[in-house]
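Structural characterization, general
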Amino acid sequence: MRWLSLNQNELRSLRGTIYYALLYIREIAFYFLIIIGVATLIGSFSLVYMVVTDQDLYLYSRVLNTAVLAALIMIIIIGVQTSSKKELRLAFIFPTDKKIYVLGNLIGTVINISLLLLMASLLLIVEILVVKVISIFNPGLFFTSSITPANYLIGFWLALTLLSVIYSLSFCLLAGKNKKLLLLILVALTTLSFSFPLIRQGLWNFVLFFIRPESVLLFSLKAWLLVFVLNILGYMLIKNREVI
Amino acid sequence: MTEIIFKDLTKRFRHTTALSHISLSLGGNKIIGLIGRNGSGKTTFLKTIAGHLKASSGEIIVNGQNPFNNLNIQSELCFIQDETNYPDELKVIELVRLAAIYYKNWDAELAADLLKEFKLEGKKNYEDLSRGMKSIVHVVIGLASRAPLTIYDEPTLGLDAAVRKRFYSLLLEDYSHHPRNIIISSHLINEAENLMEEVVIIKEGRLLLQQKIEELQQYAVYLNGRKEVVEPLLEQKELYEQKSLGRSLIAVVKNDLTSADRDYIRENDIDISSVPLQELFIYLTGPEGEEYDEMA
């Protein structure tokens, strides 16, 4: 339990690390909005074409899906960066240690993911408004969105959970010093899973254990447990790393 | 009060030995100068104190603990590196806010006054600052941190003479009100000479000497006189340099002159004067053999 209790020095350092991680939201949001913006622009062309040609069309809400995909890309990059030499050097300009660094980055990233998903939710409202305006000019437009307040909250939570797992996985995988060894293990696992059905099945069952559709509660419990395990593993891998 | 002890510490990076068998003790509220040529191991020495690097062999103890990945030690320490690069995308004011969170003795008033004095715009991105302005940000953070152990690695890089002078006077003023342990590595020894109470000189990863500044100022002397009277005096003396000017000879020797030597100097009308620290540093840290070259 000592690992979980924090003294004054650790609390101060944790606050600093979280604030530092949150300051990145501007940069993250910038690229996030570019990705979503480009996707929305492409979607808009089809809408304009539809209005001009007076076609009937069924349109599905796509902002949230695009947003989760964009967030996924951003989060993988953040996870990889967290384990990088440069990032470690930047963080250790201020008084901190590896435990606080890992914990602070995890908390900061979860908050950043929530902010990205909130941003995507605002874009969903914009999307609905745009479609409503267009449908005035083109009564043949049918916009389908199955989002209700209840399933929105569940979706938000599941996306947050999944993205937190992805962040932790990318951080943990690259936290080790020996990247060549990691590549070798991944290649070996892939080759073995192709060659031996038993290994393939074992790996697939392992993945299924976490992503098998079941109750939201059970999935969340398993996923957050995985988040903590991956971060602890990542911590152990960078614990003795020097800040060069 | 911080106590730093190196016990036969060696630090290797693959095939390079950056520090070799360093044993010394740095303690008390003092301003300590760390002197050495480029690549002599100064930054490695400081990074080891700051807990960024592990010893390959031997030991380092700061306040009774190993500083590596040790937040108890880190919290008492502010390390301003010469290659410090704060995140480029952050504004100056955000960096100051960040520092205020991290350092428990942070003096917000001092930081605000210094930003104003040096005309640093808080809204400017760190990456848009010139080299000199970046150094000023580092200086401000180092001073306002009021950390019991403040380490400056080449703090005056890129600063003009006037700003360097102001930095030294600010440092001295702040130190006199809030005594603490400050370690400064610098090439500009003559400028920082008045600040330092103790000097550590490193040469090729080895500890060359550790002395009080007043002892170091008397460490070597110039002897200037007629060649035939100066030359006998140089026998069995540690000679750093000699230069012939016609019938005169100017020699730089270690100041371990006996009373008999001093009598000889007086009787033979040989001028004697102390060697400025900057020059002494060049003599002491120059490549082996260079000290004995005839310069004339």
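Report on the accompanying structure. (Residues numbered from 1 in each chain as written. Chains lettered and ligands numbered in written order. Predicted model: local features only at pLDDT ≥ 70, side-chain atom pairs only at ≥ 80, totals over all residues. Heavy atoms only, no water.)

Details of the packing of helix H1 (residues 8-23) of chain A against helix H5 (residues 98-137) of chain A
All names here are of chain A.
- Packing of H1 against H5 brings their axes to within 8 Å, and their N-to-C directions diverge by 40°. Classified by the angle their axes make, H1 and H5 are oblique. Of the two possible hands of crossing, H1 and H5 adopt the one that is right-handed. On H5, the residues that touch Glu 10, Ser 13, Leu 14, Thr 17, Ile 18, Ala 21 and Leu 22 of H1 are Lys 99, Ile 100, Tyr 101, Leu 103, Gly 104, Asn 105, Ile 107, Gly 108, Ile 111 and Asn 112.
- Tallied by class, residues from the contact of H1 with H5 come to nine nonpolar, six polar and two charged. (Axes fitted to C-alpha atoms, helices over the stretch in contact; angles between N-to-C directions. Helix = DSSP H or I, 4+ residues; strand = E, 2+ residues; numbered from the N terminus. Parallel < 35°, antiparallel > 145°, perpendicular 65-115°, else oblique. Left-handed = near helix turned anticlockwise from the far one by under 90°. Contact = heavy atoms within 4.5 Å. Nonpolar A, V, L, I, M, F, W, Y, C, P; charged D, E, K, R; others polar.)

Concerning the sheet that holds strand S1 (residues 3-13) of chain B
Residues and elements named next belong to chain B.
- Read across the open sheet, the three strands follow the order S2-S1-S4; overall the sheet is antiparallel. Either end of the sheet is taken by a strand with one partner, and the two such strands are strand S2 (16-27) and strand S4 (57-62). Direction aside, the axes of adjacent strands within the sheet are offset by 20° on average.
- Two elements, S1 and S2, share eight bridges in a ladder whose sense is antiparallel. Across the sheet, residue Glu 3 finds its bridge partner in S2, namely Gly 27.
- Packed onto the sheet, helix H1 (residues 42-49) meets S1, S2 and S4 and runs at close to 55° relative to S2. (Pairing = 2+ DSSP bridges.)

With respect to helix H9 (residues 227-234) of chain B
Residues and elements named next belong to chain B.
- If you check which residues of H9 are buried, you get Val 229, Val 230, Leu 233 and Leu 234. All buried residues of H9 project into a common sector of 135° when viewed along the axis, lining one side.
- Trailing H9 by a residue or two, Gln 236 shows a phi angle of about 65°, which is positive. (Buried < 20%, exposed > 50% of the residue type's maximum accessible area, 1.4 Å probe, protein only. Arc of directions from axis to C-beta.)

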